[in-house]
Amino acid sequence: MAFALGKAFLAAGYFVAFGSRKPETKNQFHEMVGDESKIYGIQAAIDAGQIIIITIPYSQVAETVRKFANSLKNKVVIDITNPFTAQPNDGSSGAQVTARIIGEKARVVAAFKTNFAETISEPKDSSDKPREVHYAGDDKDAKDIVAGLIEEIGFSPVDCGTLAQSVTLDHMVPLMIRLDESLYGTSRKSSWRIASP
Ligand SMILES: NC(=O)c1ccc[n+]([C@@H]2O[C@H](COP(=O)([O-])OP(=O)(O)OC[C@H]3O[C@@H](n4cnc5c(N)ncnc54)[C@H](OP(=O)(O)O)[C@@H]3O)[C@@H](O)[C@H]2O)c1
């Protein structure tokens, strides 16, 4: 997802700083994303931008966010991570947990959770309509920024409510994977669409 989203935002004209625990080991990096971007350690990648996208396994999010919480305050943090069976058992969404760890001045928006990585380079589906990207959050300005970003890479933003309501997005993902398997033989190229009335 980091490469897929990073490439989409590079193509839209943004500077993208990729973050890695071991940037020095990513020998294929420039082959994959071209020469115009850079790969940094995680702290340096966070410091390089105002919009941070969390693209690590959900099981590592709490610990990683705790480590960098101070640097994430005031920044727009897009949480794309999917909890699957590790969904918080108090009914919270994964993105709420991220926001709580950042604490005061957290500006977390859940987005891209319900999109397969394989579709990010193909924002239009086979019917030539832009695929939808569900997003949710509590900070209106941060949500507007994320909706704009979604549009700029060719997708259709769908406002799904508050950060608490993004728990529904978390639950849609295992269903999405099952439906893609049963209807399309694990294409990983399907996407959600709310039909017009
Ligand atoms: N794949 C999809 O279709 C898709 C769609 C929507 C959302 N998501 C969500 O997006 C997130 C990333 O998915 P992905 O498929 O791109 O994952 P991935 O390729 O398995 O992992 C992404 C990166 O996370 C870092 N990472 C791995 N283990 C880590 C650890 N213990 N601590 C900190 N960082 C670690 C690694 O980067 P370094 O080794 O460079 O540090 C790795 O390249 C997941 O939470 C997933 O649920 C995925």
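What counts and how
- Residues numbered from 1 in each chain as written.
- Predicted model: local features only at pLDDT ≥ 70, side-chain atom pairs only at ≥ 80, totals over all residues.
- Heavy atoms only, no water.
- Phe/Tyr/Trp six-rings, centres within 6.5 Å; stacked < 30°, edge-to-face > 60°.
- Helix = DSSP H or I, 4+ residues; strand = E, 2+ residues; numbered from the N terminus.
- Buried < 20%, exposed > 50% of the residue type's maximum accessible area, 1.4 Å probe, protein only.
- Core = buried A, V, L, I, M, F, W, Y, C linked by side-chain atoms within 4.5 Å.
- Axes fitted to C-alpha atoms, helices over the stretch in contact; angles between N-to-C directions.
- Parallel < 35°, antiparallel > 145°, perpendicular 65-115°, else oblique.
- Left-handed = near helix turned anticlockwise from the far one by under 90°.
- Contact = heavy atoms within 4.5 Å.
- Nonpolar A, V, L, I, M, F, W, Y, C, P; charged D, E, K, R; others polar.
- Pairing = 2+ DSSP bridges.
- Near = heavy atom within 4 Å.
- Polar contact = N/O pair within 3.5 Å; in protein donor to acceptor, adjacent residues only side chain to side chain.
- Expected span 1.5 Å × (residues − 1).
- Arc of directions from axis to C-beta.

Trainee: How would you summarise the packing of aromatic side chains if you had to cite specific residues and measurements?
Mentor: Across all of its chains, the model carries four aromatic pairs by this definition. Relative to phenylalanine 29, the ring of phenylalanine 3 has its centre 6.2 Å away and its plane inclined at 40°; by these criteria the two rings are tilted. Highlighted residues: phenylalanine 3 in helix H1 (residues 2-11) and phenylalanine 29 in helix H2 (residues 29-33), separated in sequence by 26 residues. With a relative accessible area of 2%, phenylalanine 29 lands in the buried category. Here phenylalanine 9 and tyrosine 14 contribute two aromatic rings whose centre-to-centre distance is 6.1 Å and whose plane-to-plane angle is 90°, an arrangement assigned as edge-to-face. A relative accessible area of 6% places phenylalanine 9 in the buried class. Every member of this aromatic cluster is reached through a ring pair, and the members are Phe3, Phe18 and Phe29.

Trainee: I'd like to hear about unusual backbone geometry, residue by residue, with values.
Mentor: Of note, phenylalanine 84 is a non-glycine position whose phi angle comes to about 50°, a positive value. Under the relative-accessibility criterion, phenylalanine 84 is labelled partly exposed at 41%. Positive phi, normally seen in glycine, also occurs at aspartate 128, with a value near 65°. If you trace the backbone, aspartate 128 turns up in the loop between strand E5 (107-111) and strand E6 (132-137).

Trainee: Before we move on, can you summarise the nonpolar core with the specific residues and values?
Mentor: Side chains of nonpolar character tend, in soluble globular proteins, to be buried together. Counting residues in hydrophobic clusters, the biggest one holds 24 residues, and the most contacted among them are Leu5, Phe9, Ile78, Phe112, Val146, Ile150 and Ile153. Where this core is concerned, the elements lending two or more residues are H1, H2, strand E4 (76-79), E5, E6 and helix H6 (140-152). In terms of residue count, H6 provides more of this core than any other element does, five residues in total.

Trainee: So, the packing of helix H4 (residues 61-72) against helix H5 (residues 94-102): which residues are in play, and what are the values?
Mentor: At a minimum axis distance of 8 Å, the contact between H4 and H5 shows a crossing angle of 45°. Here H5 runs oblique to H4, going by the angle between their axes. For the pair H4 and H5, the crossing hand works out as right-handed. Between H4 and H5, the residues in contact are Val61, Ala62, Val65, Arg66, Ala69 and Leu72 and Thr98, Ile101 and Ile102, respectively. Of the residues contributing to the contact of H4 with H5, the split by class is seven nonpolar, one polar and one charged.

Trainee: Mind laying out the sheet that holds E6, listing which residues take part and the relevant values?
Mentor: With mixed pairing, the five strands of this open sheet are ordered in space as E3-E4-E5-E6-E7. The two strands at the open ends of the sheet, each matched to only one other strand, are strand E3 (51-54) and strand E7 (156-159). Ignoring strand direction, the axes of neighbouring strands in this sheet form an average angle of 30°. In this sheet, E6 lies alongside E5 in antiparallel orientation, the contact comprising three bridges.

Trainee: Summarise the site of the ligand; cite the residues concerned and give the values.
Mentor: In the vicinity of the ligand there are 18 residues, among which Met1, Ser20, Arg21, Ile56 and Ala117 approach most closely. In this structure, an oxygen atom belonging to the ligand sits 3.1 Å away from a main-chain N or O atom of asparagine 82.

Trainee: Tell me what's going on with H6, and back it up with residues and numbers.
Mentor: For H6, with 13 residues, the first-to-last C-alpha span of 18 Å sits near the 18 Å given by 1.5 Å per residue. For H6, the set of buried residues is Ala142, Lys143, Val146, Ala147, Leu149 and Ile150. For H6, the angular spread of buried residues about the axis comes to 160°, placing them on one side. Every exposed residue of H6 that faces more than 90 degrees away from the buried side is listed here: Lys140, Asp141 and Glu151. Contacts from the buried residues of H6 go to H1, E3, E4, E5, E6 and E7. Looking at where H6 begins, the residue whose side-chain oxygen comes 3.1 Å from the main-chain nitrogen of aspartate 141 is aspartate 139. With its phi angle positive at about 95°, glycine 154 sits one or two positions after the end of H6.

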